[in-house]
Amino acid sequence: MENQNKVKNATTDTHKNDSINTYADDVSFMEDYIKIIQLTDASNNSKVAISAALQGRIMTSSAYGDKGRSYGWINKELLKLNLL
């Protein structure tokens, strides 16, 4: 039961804290600057965002779909410079 609560909190807590980006937020931001390739599982919950321009680097991922927490760290200031 405790593990089920942790899983539930992982998705709902994302919406309680505005400083936490969702997977969709981060992918949307990156797509303004670089091409992103997304890989998903059959349920469309587990997601990985990859940048071929950055040597296939995994930019972020989520275990709870678009609305789930974004697990990546993105240097947004660097992307805003449009050097890539």
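Everything discussed here concerns the structure shown above.
Thoughts on a nonpolar patch on the surface
Moving on, step 1. A cluster of nonpolar side chains, Leu-78, Leu-81 and Leu-83, forms an exposed patch at the surface whose accessible area comes to about 310 Å².
Moving on, step 2. Positionally, Leu-78 belongs in helix H3 (residues 76–80).

A few points about the packing of aromatic side chains
Moving on, step 1. Within this structure, the stated rule accounts for one aromatic pair.
Moving on, step 2. Here Lys-76 stacks its cationic end above the ring of Phe-29, 5.1 Å away from the centre of that ring.

What to know about the sheet that holds strand S1 (residues 37–40)
Moving on, step 1. One open sheet accounts for three strands, arranged S1-S2-S3; its pairing is antiparallel. Where the open sheet ends on each side, the last strands, each with one partner, are S1 and strand S3 (57–62). Looking at each pair of strands side by side, their axes are set apart by 25° on average, direction ignored.
Moving on, step 2. Two strands pair when backbone bridges link them, and strand S2 (residues 47–51) and S3 are joined in this way by five bridges, in the antiparallel orientation. When the sheet's bridge partners are listed, Ala-49 is paired in S3 with Thr-60.
Moving on, step 3. Sheet strands touched by helix H2 (residues 23–31): S1, S2 and S3. Its angle to S3, the strand with the most contacts, is close to 150°.

Points about the environment of Ala-52
Moving on, step 1. Residue placement: Ala-52 occurs in the loop between S2 and S3.
Moving on, step 2. Ala-52 sits in the exposed class, given a relative accessible area of 54%.
Moving on, step 3. Along the backbone, Ala-52 and Lys-35 are 17 residues apart, and their C-alpha atoms lie at a distance of 7.5 Å.

A closer look at the layout of surface pockets
Moving on, step 1. Of the volumes computed, that of the largest pocket is approximately 180 Å³.
Moving on, step 2. In terms of lining, the largest pocket is formed by Leu-54, Arg-57, Ile-58, Met-59, Trp-73, Ile-74, Asn-75, Leu-78, Leu-79 and Leu-84.
Moving on, step 3. Listing elements by their share of the lining of the largest pocket, those giving two or more residues are S3 and H3.
Moving on, step 4. In terms of residue class, the lining of the largest pocket is made up of eight nonpolar, one polar and one charged.

The rules we used
- Residues numbered from 1 in each chain as written.
- Predicted model: local features only at pLDDT ≥ 70, side-chain atom pairs only at ≥ 80, totals over all residues.
- Heavy atoms only, no water.
- Patch = residues over 30% accessible without salt bridge, like charges linked within 9 Å, V, L, I, M, F, W, Y side chains within 5 Å.
- Areas by Shrake-Rupley, 256 points an atom, 1.4 Å probe, with all protein chains shown as cover.
- Salt bridge = Lys/Arg side-chain N within 4 Å of Asp/Glu carboxyl O.
- Helix = DSSP H or I, 4+ residues; strand = E, 2+ residues; numbered from the N terminus.
- Phe/Tyr/Trp six-rings, centres within 6.5 Å; stacked < 30°, edge-to-face > 60°.
- Lys NZ or Arg CZ within 6 Å of the ring centre and 35° of its normal.
- Pairing = 2+ DSSP bridges.
- Axes fitted to C-alpha atoms, helices over the stretch in contact; angles between N-to-C directions.
- Contact = heavy atoms within 4.5 Å.
- Buried < 20%, exposed > 50% of the residue type's maximum accessible area, 1.4 Å probe, protein only.
- 1 Å grid on protein atoms, 1.4 Å probe; cavity = no way out; pocket = protein on both sides within 12 Å on 5 of 7 lines; lining within 4 Å.
- Points joined across faces, edges and corners; volume = space filled by probe spheres on them.
- Nonpolar A, V, L, I, M, F, W, Y, C, P; charged D, E, K, R; others polar.

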